[in-house]
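The chain contents come next:
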Amino acid sequence: AAAAFRPARSRAQYRLAMLLRDGSAVDRSAGMFWMQRSGENGYDEAQFQLGLGHAAGRDLPRDPVLAARWFERAARQGHAASQVNLGTLYETGNGVDRDDAAAAKWYREAAEQEVSVAQINLGSLYAQGRGVARDDRAALHWYLRAAQSGAPEAHYNLGVLYENSADLGDDR
């Protein structure tokens, strides 16, 4: 019974946190208290918000290590925006050791959920052979998926890939 209660409680804590932090009865410190509780109780959106707060220093101390920890907790639950942010932290080495393979893993998780920025970032890793074996066909695949959603950067990256790749042959 307690396990079934936990998700509902963490969502309620999150809603209270958002009301206090951003609503008409603004009490940012109380809002962050409840956001922290919600995140600790496993609510992925609260974990994402805590990651953003620590990444930007908004309402929380700027701490890239804590940002990465919160993003990872949410990312492991399938939270796509957290997966993208965690991938970016691994790609840049901000708050975690730089690890292009880990960046590719998290970008792929979000890319498979049709997040265009993750598809573009994953395509770029394939095009450059960073964290994955260089593979222009895989880069093409991810750029095309992002382009289908209307992402302008994907169209640009497709042009660059077509211009520079000898491996695409008939796919040009």
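The structure we're discussing is the one just above.
What counts and how
Residues numbered from 1 in each chain as written. Predicted model: local features only at pLDDT ≥ 70, side-chain atom pairs only at ≥ 80, totals over all residues. Heavy atoms only, no water. Helix = DSSP H or I, 4+ residues; strand = E, 2+ residues; numbered from the N terminus. Buried < 20%, exposed > 50% of the residue type's maximum accessible area, 1.4 Å probe, protein only. Contact = heavy atoms within 4.5 Å. Areas by Shrake-Rupley, 256 points an atom, 1.4 Å probe, with all protein chains shown as cover. Lys, Arg positive; Asp, Glu negative; His and termini not counted. Charge placed at Lys NZ, Arg CZ, Asp CG, Glu CD. Core = buried A, V, L, I, M, F, W, Y, C linked by side-chain atoms within 4.5 Å. Salt bridge = Lys/Arg side-chain N within 4 Å of Asp/Glu carboxyl O.

### Examining the overall build of the protein
Looking only at helices and strands, the protein features nine helices and zero strands. Overall, the protein is about 60 × 35 × 30 Å in size when its C-alpha atoms are taken along their principal axes. Split into buried and exposed, the 172 residues of the protein put 44% on the buried side. A separation threshold of at least 6 residues defines the contact pool for the protein, and within that pool the share at least 24 residues apart is 42%. Per element, the accessible surface of the protein, about 8800 Å² overall, is 51% carbon and sulfur. Of note, the protein has its 20 positive side-chain charges centred 8 Å away from the centre of its 22 negative side-chain charges.

### With respect to the nonpolar core
In this structure, Leu 86, Tyr 90, Leu 122, Tyr 126 and Leu 161 are the most contacted members of the largest nonpolar core, which totals 37 residues. Ignoring anything within four residues of it in the chain, the contact list for Leu 122 reads Ala 104, Tyr 107, Arg 108, Ala 111 and Trp 142. Listed in part, the nine residues of the second largest apolar core include Tyr 14, Met 32, Ala 46 and Leu 50.

### Some words on the pattern of salt bridges
Throughout the structure, instances matching the rule amount to six salt bridges. As a salt-bridge pair, Asp 100 and Arg 130 come within 3.2 Å of each other at their nearest N and O atoms. Placement of the pair is Asp 100 in helix α6 (residues 100–111) and Arg 130 in the loop between α7 (116–128) and α8 (136–148), with a sequence separation of 30 residues. Take Asp 100: its relative accessible area is 15%, and that puts it in the buried class. For the salt bridge of Arg 145 with Glu 114, the shortest nitrogen-to-oxygen distance reads 2.3 Å. Taken together, the residues span a long stretch of sequence, with Arg 145 in helix α8 and Glu 114 in the loop between α6 and α7 at a distance of 31 residues. Look at Arg 145 and you get partly exposed, because its relative accessible area is 21%. Counted as one network, the salt bridges with shared partners bring together Glu 91, Arg 98, Asp 100 and Arg 130.

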